[in-house]
Amino acid sequence: MSFSFSSEQKQSIIWLGVGLALVLLLFLLAPVLMPFIVSAILAYILNPAVDRLSQIRVRRFSISRSMASSALILLLILTSLAMVLILVPVLKKELPLLQSQLPRFLDRLDQFSAPLLAKYHIPVRLDGAGLKALLTDQLSTSGEEIGKAILSSLKVGGTAVIGIIGNLLLIPVVLFYLLLDWHHLIDRIRHFIPRRWIASITKAVTEVDDLMAQYLRGQILVMVILAVFYAVALALVGFDLALPVGIMTGLLVFIPYIGYGLGLALAMIGAILQYDSLNGILAVAAVYTVGQLLESFVLTPRLVGERIGLHPLTVIFALMAFGELFGFTGILMALPVSAVMSVGVSYLRRYYLNSSFYRQ
C-alpha cells in the first residue's frame, strides 16, 4: 500500500514539523524565557497607555513613543519600590516588638483558653511555657546571625541569585524594546499567519483582546475596592498600621491567597503587639475574614468573572483546578487563561452545532 500526498499536503506536513520543532525549542529554553514572557505580559498591559501618551501634542512639543515607554517603565519601577518601602519598615518595626511582647500575649491566650476549655470538659491545656520558649528562640536570632545565614546561602546558591538579579535587570530593557516596536511586532506576526486563516484568527484574537481588557479593568477595580475596604475597616477598629497594611493587602490581591495571607500575617502581628485584650485581635481577624469573603464570593466573581464572561462557579473552579495542576503560577494565570479558553470553546461549540454529526 502506498500513500501519495499532494503538494499542499506536503507543505502542511513540513510546516507542522517546523511548528513542533519551535515548540520543543521553546520548551528546552524555558529557564531563559522568563524575563521575556514577563516583559511581553507587561508590554501588553502597558501598550494602550503608551499609545495614548505618544498621541499627546502640546503646541510644538510632542511625546515620542520612546519617551512614553521610558516614563511608564520608570513609574512601574517606582511603584514596585514603593511597595517594598512600605513593607520593609513595617516588618522592621514589628518583629523586634513581637519578640518582646510574645510571652505576654501567650500568657493572656492561656488565661483565656484554659477556663473556656475546662467549661466544656476538654482535657487540653495550652503549654504556654513551651510555646514561649520555642517562639522566642526562633525570633531571637540577631541581625549578625541573619546576615551570616544570608551570606552562606548566597555562597551556596550564588549562581541562582546572580541569575535572578540578571533577569530582574533584563526585564525593563526587554520591556522597553517591546513597547517601542509593539505594533511592528504584531504586524510581523500577523504577516506569518496563513492567508486562509487570517480572517478567523484575527477575529478570535480581537475577542481575546477584548476579554483581557475587561479582565484587567475588573482586577484593578477589585484591588482598589479592597485597598479602601481594608484601610478603612482596620482604621475603624483602631489599628495603628491600618493605612500601610490595608493598602498593601488590597494591592497584592492580584496574587490569589499569597497577597491576602501576607496582609493577614502582618495585621495579626501588629494586633498582637498593639492590643492588650483579645477583642482587638479578634476585630482585626474579623475584618480580614469579611474581606476574604467579599473578594471570593462577590467582587472577583462579579467584577472579574462576569466581565470576561465566566460564571462565578467557573471562576472558583478555575482557581482551584489551575492551582492544583500548576501550583502558584497556575493560580496567577487561572482567570486570564480561562478567558482565552472560553473563546476557543465558543468556536468549538459553534462548529459542533453546525456539524453534520450534530444535525443528522
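Residues numbered from 1 in each chain as written. Predicted model: local features only at pLDDT ≥ 70, side-chain atom pairs only at ≥ 80, totals over all residues. Heavy atoms only, no water.

Draft legend 1. Up close: the confidence of the model for the chain. Averaged over all residues, the pLDDT of the chain equals 77, while 75% of them reach at least 70. When pLDDT is averaged over each element of the chain, helix H7 (residues 182–192) comes out on top at 88 and helix H5 (residues 143–156) at the bottom at 51. (pLDDT = per-residue confidence, 0-100. Helix = DSSP H or I, 4+ residues; strand = E, 2+ residues; numbered from the N terminus.)

Draft legend 2. Looking closely at the nonpolar core. The biggest cluster of nonpolar side chains holds 38 residues, and the ones touching the most others in it are Val-222, Leu-234, Phe-239, Val-245, Val-284 and Tyr-288. Looking at which element gives the most residues to this core, the answer is helix H8 (residues 198–236), with 10 residues. Look past the residues within four positions of Val-284 in its chain and what remains in contact with it is Leu-234, Val-237, Phe-239, Ala-267, Met-268, Ala-271 and Tyr-275. Counting 11 residues, the second largest nonpolar core, distinct from the first, contains Leu-72, Val-174, Leu-179 and Trp-182. (Core = buried A, V, L, I, M, F, W, Y, C linked by side-chain atoms within 4.5 Å. Buried < 20%, exposed > 50% of the residue type's maximum accessible area, 1.4 Å probe, protein only. Contact = heavy atoms within 4.5 Å.)

Draft legend 3. Up close: the packing of aromatic side chains. Under the criterion given, the structure shown has 5 aromatic pairs. Between Phe-229 and Tyr-230, the aromatic rings sit 5.3 Å apart at their centres with planes inclined by 65°, giving edge-to-face as the arrangement. Using a relative accessible area of 1% as the deciding quantity, one classes Tyr-230 as buried. Here the aromatic cluster, defined as three or more aromatic residues joined through ring pairs, consists of Phe-229, Tyr-230, Tyr-260 and Tyr-288. (Phe/Tyr/Trp six-rings, centres within 6.5 Å; stacked < 30°, edge-to-face > 60°.)

Draft legend 4. Structural view of the packing of H8 against helix H9 (residues 242–251). Where H8 contacts H9, the axes come no closer than 7 Å and their chain directions differ by 155°. Considering the angle they form, H8 stands roughly antiparallel to H9. Crossing of H8 against H9: the hand is right-handed. Side by side, H8 and H9 meet where Met-223, Leu-226, Ala-227, Tyr-230, Ala-231, Leu-234 and Ala-235 of the first sit next to Ala-242, Leu-243, Val-245, Gly-246, Ile-247, Thr-249, Gly-250 and Leu-251 of the second. Of the residues belonging to the contact of H8 with H9, the class tally is 12 nonpolar, 3 polar and no charged. (Axes fitted to C-alpha atoms, helices over the stretch in contact; angles between N-to-C directions. Parallel < 35°, antiparallel > 145°, perpendicular 65-115°, else oblique. Left-handed = near helix turned anticlockwise from the far one by under 90°. Nonpolar A, V, L, I, M, F, W, Y, C, P; charged D, E, K, R; others polar.)

Draft legend 5. Here's a closer look at the side chain of Asn-47. Note on placement: Asn-47 falls in helix H2 (residues 30–54). With relative accessibility at 7%, the residue Asn-47 sits in the buried group. Among the polar contacts listed, one links the side chain of Asn-47 to the side chain of Arg-65, at a separation of 2.5 Å. Sequence-distant contacts of Asn-47, defined by excluding residues within four places in its chain, comprise Arg-65, Leu-179, Trp-182 and His-183. (Polar contact = N/O pair within 3.5 Å; in protein donor to acceptor, adjacent residues only side chain to side chain.)

Draft legend 6. Just the environment of Tyr-275, in detail. Here Tyr-275 shows up in the loop between helix H10 (258–274) and helix H11 (278–305). Residue Tyr-275 is classed as buried on the basis of its relative accessible area, which comes to 13%. Taking the C-alpha atoms as reference points, Tyr-275 and Gly-238, 37 residues apart in sequence, are found 9.5 Å from one another.

Draft legend 7. Structural detail: the side chain of Asp-51. Inspection of the secondary structure puts Asp-51 in helix H2. For Asp-51, a relative accessible area of 18% puts it in the buried group.

Draft legend 8. Quick look at the environment of Thr-289. As for its position among the elements, Thr-289 is in helix H11. As a C-alpha pair, Thr-289 and Leu-264 span 25 residues in sequence and 9.3 Å in three-dimensional space.

Draft legend 9. Region of the structure containing a nonpolar patch on the surface. Taken together, the side chains of Ile-14, Trp-15, Val-18, Leu-22, Leu-25, Leu-29, Val-32, Phe-36, Leu-170, Val-173 and Tyr-177 define a hydrophobic patch exposed on the protein surface, amounting to about 1,100 Å² of accessible area. Elements represented by at least two residues in the nonpolar patch include exactly helix H1 (7–28), H2 and helix H6 (158–180). In terms of residue count, H1 provides more of the nonpolar patch than any other element does, 5 residues in total. For Tyr-177, the location among the structural elements is in helix H6. (Patch = residues over 30% accessible without salt bridge, like charges linked within 9 Å, V, L, I, M, F, W, Y side chains within 5 Å. Areas by Shrake-Rupley, 256 points an atom, 1.4 Å probe, with all protein chains shown as cover. Salt bridge = Lys/Arg side-chain N within 4 Å of Asp/Glu carboxyl O.)

Draft legend 10. Region of interest: the pattern of salt bridges. Scanning the entire structure with this criterion turns up 2 salt bridges. In this structure, Arg-65 and Asp-51 form a salt bridge, with 2.7 Å as the shortest nitrogen-oxygen distance. Remark: Asp-51 occurs in helix H2 and Arg-65 occurs in helix H3 (residues 65–119); sequence separation between them is 14 residues. Judged on exposure class, the residue Arg-65 and its partner Asp-51 are both buried. Note that Arg-190 and Asp-187 form a salt bridge whose closest N and O atoms lie 2.8 Å from each other. Here the residue Arg-190 and the residue Asp-187 both occupy positions in helix H7, the gap between them amounting to 3 residues, near one helical turn. On the basis of relative accessibility, which here comes to 37%, the residue Arg-190 falls in the partly exposed class.

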